[in-house]
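# Reading the structure
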Amino acid sequence: MNKPMQAVIRGLVAVSLVAGGASVAMAHHSAAIFDASQTKVITGTVKKFDYSNPHTWVWLDVTNDQGQVETWGVEGMSPNFLNRRGWTRTTLKPGDKLSVTVRPMKDGQKAGMWVSGKRPDGEVLLMNGEIKDKE
Amino acid sequence: MPHHRHIYRFAAAALLIGPLAFAQDAPKKYKAPTVADWTAVGKLPDFTGVWEIPMGGGRAGAGRGAAPAGVPAGRGRGPAPQPQLTPEYAAKAKEMAAAATRAEDNQTANCLPPGLPAIMGQPYPVEVLMTPGLVTVVIEAYTQVRHIHTDGRALPDDPDPSFNGTSVGHWDGDTLVVESVGFESVPRGINFPYSDKMKITERFHLSDPDTLNIETTITDPLALTQPYSLGNRVFKRHRAWTIAEYVCEENNRNFVDPSGKAGINLANPTASPK
């Protein structure tokens, strides 16, 4: 690899390590592309739920203020992680109505990081919930 | 003494010298384990099974990352809690900090694994296997496998650099002391410049049958003036879990470019077959 890339890689101070201790490293990569200072709620219909690594993706058809349908992508946790916390690959299905709270992308693209989801009946969906099978 | 006895003595001596002369160079060859070998494994502390560092689940809010888990190493006792760099490497660290802008992300965005020791701190389980002369750690994150040779072989003098290093282990009472060398330059979760002489030492110890502690310490004769402790990671046993597949690149929409700029690829939504 070339020198500038080496400098970038070596110069990464603790992106994957929290503080100086032997803590749990970030899953897969940093959240720098998402705006951690605010959340946004997007409401729409599930187009597809991609249940694959490294991140699940919830694609939502959202009707905007002009009445046009836009597709939003919500980045979620790994299916490995979700399977152990009460999720399955059919927890979200095409056609499901959903309101998702996300950390939006800093660059304004129609995507965000999943914070929580809510169905019309009030059911709350968290991706970092309690481990279901503690044993 | 009769002539043939001299030959026997010479032959016996040659048999002794021959293997010893080449012991350092001859690679250890796999030997079919005997029942006695398996019985010996059965007497070791039981590290086998699936383990994961608890994340303190049920947190509301951000669904990624984790609060620090495990107990930090005691301060003022043993290795330093912060890396103590030699003058040459302190200068390198300053250079690194000054050079260009800080990258937004690292190679894990491009699905490359982080390397040791960060690979042992992921929010996914690991599985430990114990067989004669070998402790194997199967790591779910990025599907990584570490082989820790416990057959008495020495650390290699000149290993090919790798993500997870080359590892040997020996028993110190009920503690498995694992030493690893031969590290290429990848993020690793290490926040200081290290040399190719770096060694990572891990002490695996059960505090109870369902709690595995791994204390990690780094030494580097060129970069560090004293050992640097990363503290203790506490793993809990999960009897009902199995290690799942993790092919990072199967639907990776994240990337970091050579300048360190991070991004997301939103093209072709719903293209993933899973």
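Just so you know, the residues in each chain are numbered from 1, in the order the chain's sequence is written. Chains carry letters and ligands carry numbers; both start at the beginning, A for chains and 1 for ligands, and go up in the order they are written. Side-chain atom pairs in this predicted model are given and counted only at pLDDT of 80 or more, local residue features only at pLDDT of at least 70, and totals for whole chains, interfaces and linings cover all residues.

### With respect to the overall build of chain A
We apply this condition: Segments assigned H or I by DSSP are reported as helices when at least four residues long, segments assigned E as strands when at least two residues long, and all are numbered from the N terminus. Exposed residues have 12 or fewer other C-beta atoms within 10 Å of their own C-beta, buried residues have 20 or more, and partly exposed residues fall in between, where C-beta atoms are placed from the backbone. Contacts are defined on C-beta atoms placed from the backbone: any two residues whose C-beta positions lie within 7 Å are in contact.
When helices and strands are counted, chain A shows two helices and six strands. Reading the secondary structure of chain A in the N-to-C direction produces α-β-β-β-α-β-β-β. Counting the 135 residues in chain A, one finds 44% classified as buried. In chain A, the share of contacts with a sequence separation of at least 24, taken over all contacts with a separation of at least 6, comes to 53%.

### Quick look at the overall build of chain B
Counting its secondary structure elements, chain B contains three helices and eleven strands. Helices and strands appear in chain B in the N-to-C order α-α-β-α-β-β-β-β-β-β-β-β-β-β. The 274 residues of chain B split such that 34% are buried. If you take every contact in chain B between residues at least 6 apart in sequence, the share linking residues at least 24 apart comes to 59%.

### Digging into unusual backbone geometry
Note the cis peptide between Asn53 of chain A and Pro54 of chain A, where omega equals -5°. By secondary structure assignment, the location of Pro54 of chain A is in the loop between strand E1 (40-50) and strand E2 (57-63). Residue Pro117 of chain B follows Leu116 of chain B across a cis peptide bond; omega there is 5°. A positive phi is found at Tyr142 of chain B, a non-glycine position, where the angle reads about 65°. Looking at the element boundaries, Tyr142 of chain B is found in the loop between strand E3 (134-139) and strand E4 (144-149).

### Points about the confidence of the model for chain A
Let me state the cut-off plainly: Per-residue confidence from the predictor is given as pLDDT, running between 0 and 100.
Taken as a whole, chain A shows an average pLDDT of 83; of its residues, 79% reach a score of 70 or greater. Within chain A, helix H1 (residues 3-10) of chain A has the poorest average pLDDT of any element, 40, and strand E4 (residues 97-104) of chain A the best, 98.

### A look at the environment of His170 of chain B
All names here are of chain B. As for its position among the elements, His170 is in strand E5 (residues 166-172). Through-space distance from the C-alpha of His170 to that of Arg153 is 9.6 Å; in sequence the pair is 17 residues apart. Sequence-distant contacts of His170, defined by excluding residues within four places in its chain, comprise Thr150 and Val177.

### Section: the confidence of the model for chain B
It should be kept in mind that the predicted coordinates are not to be read in detail where pLDDT is low. All names here are of chain B. In this model, chain B carries an average pLDDT of 85, and 81% of its residues clear a pLDDT of 70 or more. Note on residues 17-23: pLDDT is under 50 here. Beyond four places in sequence and across chains, it has zero contacts. The complex model carries a pTM of 0.82, and its ipTM stands at 0.80.

### Some thoughts on the pairing of E1 of chain A
All names here are of chain A. Going by this rule: A pair of strands is considered paired only if DSSP assigns at least 2 bridges between the two.
Pairing analysis gives six bridges linking E1 to E4, with the strands arranged antiparallel. Counterpart to Thr45 in the pairing with E4 is Lys97. Alignment of E1 against E2, held across five bridges, turns out to be antiparallel. Bridge pairing in E2 places Asp50 opposite Trp57. A loop of six residues connects E1 with E2, the two strands running antiparallel in sequence.

### Description of the sheet that holds E3 of chain B
Residue and element names in this part refer to chain B. Note the cut-off: Helix axes are fitted to C-alpha atoms over the stretch in contact, other axes to C-alpha atoms as well, and angles between N-to-C directions run from 0 to 180 degrees.
The mixed closed barrel is built from nine strands, whose spatial order is E1-E2-E3-E4-E5-E6-E7-E8-E9. Within the sheet, the average angular offset between the axes of one strand and its neighbour, ignoring direction, is 30°. Here six bridges tie strand E2 (residues 126-131) to E3, and the two strands are oriented antiparallel to one another. Its bridge partner lying in E3, Val128 is registered against Val137.

### A short note on helix H3 (residues 87-98) of chain B
Inclusion rule: One less than the residue count of a helix, multiplied by 1.5 Å, gives the span that helix is expected to have.
Its twelve residues place the ends of H3 of chain B 17 Å apart at the C-alpha level, agreeing with the 16 Å of an ideal helix rising 1.5 Å per residue. Of all twelve residues in H3 of chain B, one are buried; the element is thus mostly exposed.

### Details of the environment of Glu88 of chain B
Here Glu88 of chain B shows up in helix H3. A tally of 12 C-beta atoms within 10 Å means that Glu88 of chain B is categorised as exposed.

### Observations concerning the pairing of strand E3 (residues 69-75) of chain A
Residue and element names in this part refer to chain A. For E2 and E3, the ladder comprises seven bridges, and the chain directions are antiparallel. Bridging across to E3, Leu60 finds its partner in Trp72. Between E2 and E3, which pair antiparallel in sequence order, lie five residues; one of them, Gly67, sits at a positive phi of approximately 80°.

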